[in-house]
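The chain contents come next:
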Amino acid sequence: MRISARADYAVRAALQLVASGDDGPVKAEAIADAQDIPHKFLEGILSDMRRGGLVVSQRGGNGGYRLAKPAAAISIADVIRVVDGPLVSVRGVRPPELSYRGPAQSLLPLWIALRSNVREILDGVTLADVAAAELPADVAALTDTPGAWTNP
């Protein structure tokens with residue numbers, strides 16, 4: 001699975017909004033500066049997040065962005081889906097829409113299993129979890145598996 005720059009930036013922007021607490025709306029420029037995200041790119045991401053119901057925007061001198069609901073109610077998967085679409089696809093197609101023949105037939109259950117695991121992790125971790133540096137125990141345990149921090 002590949003996490004796009006767009007998805008990474010969206011999650012980081014959302015976490016910056018969590019960190020701002022109830023201080024009122026946060027300007028896109030402030031989010032971009034705090035997270036080292038290109039401002040113009042971030043504007044498009046925030047627009048998608050607004051259309052997706054994850055953030056609300058306020059115009060004017062005191063305007064900016066804030067989360068549309070509590071951080072504990074927004075999963076990392078929610079953010080990624082809003083800006084990038086499905087969590088797992090193969091050549092841009094969702095796994096259940098694929099079919100294979102012959103020796104490749106068992107690829108489909110493999111892609112489905114992969115999607116299931118990705119969903120389990122990303123749907124199970126909220127912005128609040130990450131902001132508090134308190135990943136669910138089952139997710140945190142995965143970081144302790146042999147080879148988790150190495151690249152093959």
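Scroll up for the structure.
This section reports on the structure supplied with the text.

Moving on, we come to the side chain of T126. Of note, T126 is situated in the loop between helix 5 (107-123) and helix 6 (127-131). Judged by relative accessible area, T126 falls into the buried class, the value being 13%. If near-sequence neighbours (up to four positions away) are discounted, T126 is found in contact with A71, A72, I74, S75 and I76.

The subject of this paragraph is the packing of helix 1 (residues 5-20) against helix 3 (residues 39-51). Axis separation between helix 1 and helix 3 bottoms out at 10 Å; the angle between their running directions is 75 degrees. Relative to helix 3, helix 1 is oriented roughly perpendicular. Contact with helix 1, carried on its side by A5, R6, Y9, A10, A13 and A14, involves F41, L42, G44, I45, D48 and M49 of helix 3 and no other residues of that element. In the contact of helix 1 with helix 3, the residues fall into nine nonpolar, one polar and two charged.

Next up on the list: helix 3. Residues separated by three or four positions in an α-helix point in the same direction, a consequence of the helix having 3.6 residues per turn. Spanning 13 residues, helix 3 covers 18 Å between terminal C-alpha atoms, matching the ideal 18 Å at 1.5 Å per step. Taken as a whole, helix 3 has its buried residues at L42, I45, L46, S47, D48 and M49. For helix 3, the secondary structure elements touched by its buried residues are helix 1, helix 2 (28-35), strand 1 (55-58), strand 2 (64-67) and helix 4 (76-84). Of the residues one or two after helix 3, G53 is the one with positive phi, at around 80 degrees.

Applying the stated criterion to the full structure yields one aromatic pair. Their ring planes at 80 degrees and their centres at 5.5 Å tell us that Y9 and F41 sit as a pair that is edge-to-face. Within this pair, whereas Y9 is found in helix 1, its partner F41 is found in helix 3, the two being separated by 32 residues in sequence. Look at F41 and you get partly exposed, because its relative accessible area is 33%.

This part is about the environment of W111. By the secondary structure assignment, W111 is in helix 5. As a C-alpha pair, W111 and A5 span 106 residues in sequence and 23 Å in three-dimensional space. If near-sequence neighbours (up to four positions away) are discounted, W111 is found in contact with V90, P95, L98 and Y100.

Below, the discussion takes up the packing of helix 3 against helix 4. Two elements in contact, helix 3 and helix 4, have axes whose closest approach is 9 Å; the angle formed by their N-to-C orientations is 110 degrees. By the angle class used here, helix 3 and helix 4 are roughly perpendicular. In the crossing of helix 3 with helix 4, the sense of the turn from one axis to the other is right-handed. Of helix 4, the residues touching helix 3 (which contributes I45, D48 and M49) are V79, V82 and V83. Class assignment of the residues belonging to the contact of helix 3 with helix 4 gives a composition of five nonpolar, no polar and one charged.

So, about the layout of surface pockets. Estimates place the volume of the largest pocket at around 270 Å³. Taken together, 16 residues line the largest pocket, and the ones lying closest to its centre are I76, L122, V125, V130 and L135. Contributing elements (two or more residues each) for the lining of the largest pocket: helix 1, helix 4, helix 5 and helix 7 (137-142). Considering each element in turn, the lining of the largest pocket owes the most residues, five residues, to helix 1. Taken together, the residues of the lining of the largest pocket break down into 13 nonpolar, one polar and two charged. For the second largest pocket, the calculated volume is near 220 Å³. Lining the second largest pocket are 14 residues, and of these R2, P86, L87, V88 and S89 lie nearest its centre.

About the criteria used
Residues numbered from 1 in each chain as written. Predicted model: local features only at pLDDT ≥ 70, side-chain atom pairs only at ≥ 80, totals over all residues. Heavy atoms only, no water. Helix = DSSP H or I, 4+ residues; strand = E, 2+ residues; numbered from the N terminus. Buried < 20%, exposed > 50% of the residue type's maximum accessible area, 1.4 Å probe, protein only. Contact = heavy atoms within 4.5 Å. Axes fitted to C-alpha atoms, helices over the stretch in contact; angles between N-to-C directions. Parallel < 35°, antiparallel > 145°, perpendicular 65-115°, else oblique. Nonpolar A, V, L, I, M, F, W, Y, C, P; charged D, E, K, R; others polar. Expected span 1.5 Å × (residues − 1). Phe/Tyr/Trp six-rings, centres within 6.5 Å; stacked < 30°, edge-to-face > 60°. Left-handed = near helix turned anticlockwise from the far one by under 90°. 1 Å grid on protein atoms, 1.4 Å probe; cavity = no way out; pocket = protein on both sides within 12 Å on 5 of 7 lines; lining within 4 Å. Points joined across faces, edges and corners; volume = space filled by probe spheres on them.

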